[in-house]
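Now for the letters of each chain:
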Number of protein chains: 2
Amino acid sequence: MTASATALDLVRSEVDRSLRTFIDRQRPQVSAPELAPLVAAVDDFLSGGKRLRPAFCYWGWRGAGGGDDPALFTAAASLELLQASALAHDDVMDASDLRRGMPSAHRRFQALHEKAGWHGSAEQFGEGAAILLGNLLLVWSGEMWRTSGLPPAALAAAQPVYDHMRTELMCGQYLDLLEQAHGENTFDSALRVALFKSGKYSVEHPLRLGLVLAAQEREPWIDRLCEEYGRSVGIAFQLRDDILGVFGDPAETGKPAGDDLREGKRTMLIARTLAAASPAQAEEVRRTLGDPELGADGVGRLRRVIEETGAVDACEKMINDYLAEALGSLEDAPITPESRTALADLAVAATSRRT
Amino acid sequence: MTASATALDLVRSEVDRSLRTFIDRQRPQVSAPELAPLVAAVDDFLSGGKRLRPAFCYWGWRGAGGGDDPALFTAAASLELLQASALAHDDVMDASDLRRGMPSAHRRFQALHEKAGWHGSAEQFGEGAAILLGNLLLVWSGEMWRTSGLPPAALAAAQPVYDHMRTELMCGQYLDLLEQAHGENTFDSALRVALFKSGKYSVEHPLRLGLVLAAQEREPWIDRLCEEYGRSVGIAFQLRDDILGVFGDPAETGKPAGDDLREGKRTMLIARTLAAASPAQAEEVRRTLGDPELGADGVGRLRRVIEETGAVDACEKMINDYLAEALGSLEDAPITPESRTALADLAVAATSRRT
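Residues numbered from 1 in each chain as written. Chains lettered and ligands numbered in written order. Predicted model: local features only at pLDDT ≥ 70, side-chain atom pairs only at ≥ 80, totals over all residues. Heavy atoms only, no water.

## Observations concerning the overall build of chain A
When its secondary structure is counted, chain A shows 16 helices and two strands. For 355 residues, the compact-globule formula gives about 20 Å, and the C-alpha radius of gyration of chain A, at 21 Å, lands near that figure. With the principal axes as the frame, chain A shows a C-alpha extent of 60 × 60 × 35 Å. Taking the contacts inside chain A whose residues are at least 6 apart along the sequence as the reference set, 74% of them involve residues at least 24 apart. When the accessible surface of chain A is split by element, carbon and sulfur atoms take 52% of a total near 13,700 Å². Between the centroid of the 38 positive side chains of chain A and the centroid of its 52 negative side chains there is a distance of 1 Å. (Helix = DSSP H or I, 4+ residues; strand = E, 2+ residues; numbered from the N terminus. Rg over C-alpha atoms; globule rule 2.2 N^0.38 Å. Contact = heavy atoms within 4.5 Å. Areas by Shrake-Rupley, 256 points an atom, 1.4 Å probe, with all protein chains shown as cover. Lys, Arg positive; Asp, Glu negative; His and termini not counted. Charge placed at Lys NZ, Arg CZ, Asp CG, Glu CD.)

Now the structure itself:
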């Protein structure tokens, strides 16, 4: 087991336990037999996930002097409900068929409709049910956060961070839709999406929540650390995501090979490809990127172009540079040595992952 | 001005003011120029609405001895954000083109995409943006509720009611999708949908929130009143909705004539029609109900069948009976006389409305 796996594993089992406890507490409200498929989808959605966001929150808390407190794990685990909500909705918005190697929520409800031979459009039923599943998870995430059992003063100090994170998540996703629609794909636009999508929501805010919960106030060094570490880890995390979306092993990512190419995602990897492409290579990218019918051959050709332009190497170098920045940001921060090591490990884990 | 209009008007201007204040407080977070269409959609969505749910909450509060408190109006007004969220998502789920006579949220964003000539599917962009708009409204509703300024003890007493309401809203909408998919359309199933869709969410819980906020505890008489009044007003409200969905004036409802017929909604009105229909009439209903292409002639024929079977009269009688039950439930409740009168007025307003 690597050091980075340890920083995550410590958190994972406690987060899993907290999620089970919370969901079990909700079950009496959702016990009608007709609701069983909705509850099963909640259970399955929460069984996966890397638990990175709760881990940033936990190590922030420990970094500002917090002890091992079940209430903190509950608050941190609520971030997984928020993330599960975003994924259920994301898959509807992107019309994605798979999530972690299983049918996405809307496809799952669509299959339920088809199998039962119900009335009306199975696709529309699937989308509607997935929207409601995401809403239920969103509502429950806020409830789990609020009822974690943390001291009121801690929750009150962190509440503005929490509220801002949720507003920014929804707005950031809207900006992401816009970027895809604009089809700009400059280095700047790719960086902005990475910053909003991963930097702030997945790293900066979870870390800040943990720090502010423990410190019970938002001290300037907290914001400085979260902005620097969050920005660099978040962007490197997203760059890794971009590479995995094109070159990832379907057995590990749970997504079909080259899925991002079929979706036509405007990532830094593609921006770098286009910037260094010959006219013939650029033509190949423009012709095939975003073709939903793109087959294995087309994926192979696009992958070759991306590699030949040096875009993969350029992105790997960026990941290394951002990782170094992240590690640098930890050096002078007045956090506990234990947390400094764990956050360094988490930065490595978030940027060198294969799923 | 009728008495029932007064009970609502008293609330409406304060609710409008509270919503404006809250949204203005949020604006700095959403000031990026690219977010302008999202913020404009929030503004427009909140400018309409009958404010019935805040009115039930306000008169519950007054009924249990609460005074005129701006904080209560803020908490009550947050129910309009929750409702706006549900409407934005509902229109995506039902693929509805119109809302209050204007393009629905997803059509509005679709038109933005089309007009700008952006990349990708305008329809998919519209749906994605409307899902995110609904999410933003949902998140903001919880934030507005929590930051209303009401005493912590009042909020703590009402919080379980609030949390349960939101879980039940999502589950109730899922049950509604299921009922449409099952196509059962018995009296029982139509009543169950009416109870969950309107009884609990629109009347019972808002009223209970106001009462518990003022009483700061959930006394047995509060639950008894809310269940009886909520059930009867809610069902009568939904029956009126069903009639308006078939016979309403488009200029007043903001929906095309006979919209519910094209959507094939399984309402009490349709259940009563089928129960009393001749074989030829039943065949006509089965053949045309739910046909998205149904024209004015088809709507006219279906309306005639519904009227000739006596289903409209039967539903009007049910509305009257439920209204009488609602008024009866107020008689022995230990609420202030002023609130008793206002809640009676609101019951009339909710069930005799034309929009």
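## Focus on the packing of aromatic side chains
Applying the stated criterion across every chain, the model contains 16 aromatic pairs over all chains. Both rings, one in Tyr58(A) and one in Phe73(A), keep their centres 4.8 Å apart while their planes meet at 15°; by these two values the pair is stacked. Of this pair, Tyr58(A) sits in helix α3 (residues 52-63) while Phe73(A) sits in helix α4 (residues 70-94); the two residues are 15 residues apart in sequence, bridging distant segments of the chain. By relative accessible area, which is 3% here, Tyr58(A) ends up buried. Judged by centre distance (5.5 Å) and plane angle (70°), the rings of Trp118(B) and Phe125(B) are edge-to-face. On the accessibility criterion, Phe125(B) (4% relative accessible area) is buried. Connected via pairs of aromatic rings, a cluster forms that spans Phe109(A), Trp118(A), Phe125(A) and Tyr174(B). (Phe/Tyr/Trp six-rings, centres within 6.5 Å; stacked < 30°, edge-to-face > 60°. Buried < 20%, exposed > 50% of the residue type's maximum accessible area, 1.4 Å probe, protein only.)

## Notes on the pattern of salt bridges
Under the defined criterion, the tally for this structure stands at 48 salt bridges over all chains. Of the charged contacts, one joins Glu284(A) and Arg287(A) as a salt bridge, the two residues approaching to 3.3 Å between their closest N and O atoms. One end of the pair, Glu284(A), and the other, Arg287(A), are both in helix α13 (residues 279-288), three residues apart, so they sit about a helical turn from each other. Where Arg62(B) meets Glu338(B), a salt bridge forms, and the shortest distance between an N and an O atom there is 2.5 Å. (Salt bridge = Lys/Arg side-chain N within 4 Å of Asp/Glu carboxyl O.)

## Remarks on the relation of the copies chain A and chain B
Here chain A sits on chain B after a turn of 180° about the axis and a move of 0.0 Å along it, with an RMSD of 0.0 Å. The symmetry that links the two subunits is that of a two-fold axis. (Least-squares fit on C-alpha atoms with pLDDT ≥ 70 in both.)

## Quick look at helix α8 (residues 187-215) of chain B
The periodicity of an α-helix, 3.6 residues per turn, causes residues three or four positions apart to be oriented the same way. All names here are of chain B. Its 29 residues place the ends of α8 only 37 Å apart at the C-alpha level, less than the 42 Å of an ideal helix rising 1.5 Å per residue. Largest kink in α8: about 50°, centred on glycine 199. Of all 29 residues in α8, 21 are buried; the element is thus mostly enclosed. After α8 finishes, the residue glutamine 216 shows a positive phi value of roughly 60°. (Expected span 1.5 Å × (residues − 1). Bend = angle between axes of the 7 residues up to and from the residue.)

## A few points about the interface of chain A and chain B
Across the boundary between the two partners, chain A contributes 47 residues, which contact 48 residues of chain B. For chain A, the biggest contributors to the area lost against chain B are Leu132(A), Val139(A) and Tyr174(A); these three give 15% of the whole. For the pair chain A and chain B, the interface holds two salt bridges. A salt bridge links Arg146(A) to Asp163(B); the nearest nitrogen and oxygen atoms lie 2.6 Å apart. Where chain A touches chain B, the interface holds 12 residue pairs in polar contact (both at pLDDT 80 or more). Elements represented by at least two residues in the side of chain A that touches chain B include exactly α2 (36-47), α4, α5 (105-116), α6 (122-146) and α7 (152-182) of chain A. Here the side of chain A that touches chain B takes 15 residues from α7(A), the largest share from any one element. Split by residue class, the side of chain A that touches chain B holds 25 nonpolar, 15 polar and seven charged. (Buried area = accessible area lost by both parts, 1.4 Å probe. Polar contact = N/O pair within 3.5 Å; in protein donor to acceptor, adjacent residues only side chain to side chain. Nonpolar A, V, L, I, M, F, W, Y, C, P; charged D, E, K, R; others polar.)

## With respect to the side chain of Arg62(B)
With respect to the secondary-structure elements, Arg62(B) resides in helix α3 (residues 52-63). Leave out the neighbours within four places in its chain, and Arg62(B) touches Gly67(B), Asp68(B), Thr336(B), Glu338(B) and Ser339(B).

## Focus on the nonpolar core
By size, the foremost hydrophobic cluster in this structure holds 186 residues, and its most contacted members are Tyr229(A) and Tyr229(B). In contact with Tyr229(B), other than residues within four places in its own chain, are Phe56(B), Val203(B), Leu207(B), Gly234(B), Ala326(B), Ser329(B), Leu330(B), Leu343(B), Leu346(B) and Ala347(B). (Core = buried A, V, L, I, M, F, W, Y, C linked by side-chain atoms within 4.5 Å.)

## Structural notes on α5(A)
For α5(A), built from 12 residues, the straight-helix expectation of 16 Å at 1.5 Å per residue is met to within 8% by its first-to-last C-alpha distance of 17 Å. Looking at the buried residues of α5(A), the elements they touch are α2, α4, β2 (102-103) and α6 of chain A together with α7 (152-182) of chain B. Just downstream of α5(A) lies Gly117(A), where phi reads positive at about 65°.

## Examining the side chain of Asp260(B)
Topologically, Asp260(B) is positioned in helix α11 (residues 259-263). Every residue in contact with Asp260(B), bar those within four places of it in the chain, is listed here: Asp241(B), Asp242(B), Gly245(B) and Lys265(B).

## Here we look at unusual backbone geometry
All names here are of chain A. A positive phi angle, close to 60°, is found at arginine 51, a residue other than glycine. With respect to the secondary-structure elements, arginine 51 resides in the loop between α2 and α3. What makes arginine 51 buried here is its relative accessible area of 3%. Of note, the phi angle at alanine 95 is positive, near 55°, even though the residue is not glycine. Locating alanine 95 in the fold gives a position in the loop between α4 and β1 (98-99).

## Focus: the packing of helix α4 (residues 70-94) of chain B against α8(B)
Residue and element names in this part refer to chain B. It is at 11 Å that the axes of α4 and α8 come closest, and there the two elements cross at 160°. Between α4 and α8, the angle is such that the two are roughly antiparallel. Remark: the crossing between α4 and α8 carries right-handed chirality. Counted together, Leu72, Leu79, Leu82, Gln83 and Ala86 of α4 and Tyr201, Pro206, Leu209 and Leu213 of α8 form the full contact between these two elements. The class makeup of the residues in the contact of α4 with α8 is eight nonpolar, one polar and no charged. (Axes fitted to C-alpha atoms, helices over the stretch in contact; angles between N-to-C directions. Parallel < 35°, antiparallel > 145°, perpendicular 65-115°, else oblique. Left-handed = near helix turned anticlockwise from the far one by under 90°.)

## Focus: the state of the cysteines
Residue and element names in this part refer to chain B. This structure, assessed with the given rule, holds zero disulfides over all chains. Left unpaired, cysteine 226 is separated from the closest cysteine sulfur, that of cysteine 57, by 10 Å. Classification of cysteine 226 as buried rests on a relative accessible area of 0%. (Disulfide = S-S within 2.5 Å.)

## Focus: the packing of helix α9 (residues 220-247) of chain B against helix α15 (residues 311-331) of chain B
Residue and element names in this part refer to chain B. At their nearest, the axes of α9 and α15 sit 8 Å apart, and the two run at 155° to each other. Taken as axis vectors, α9 and α15 run roughly antiparallel relative to one another. For the pair α9 and α15, the sense of crossing is left-handed. Between α9 and α15, the residues in contact are Leu225, Glu228, Tyr229, Arg231, Ser232, Val233, Ile235, Ala236, Leu239, Arg240, Ile243 and Phe247 and Val312, Cys315, Glu316, Met318, Ile319, Tyr322, Glu325, Ala326, Ser329 and Leu330, respectively. Its residues placed into classes, the contact of α9 with α15 shows 15 nonpolar, two polar and five charged.

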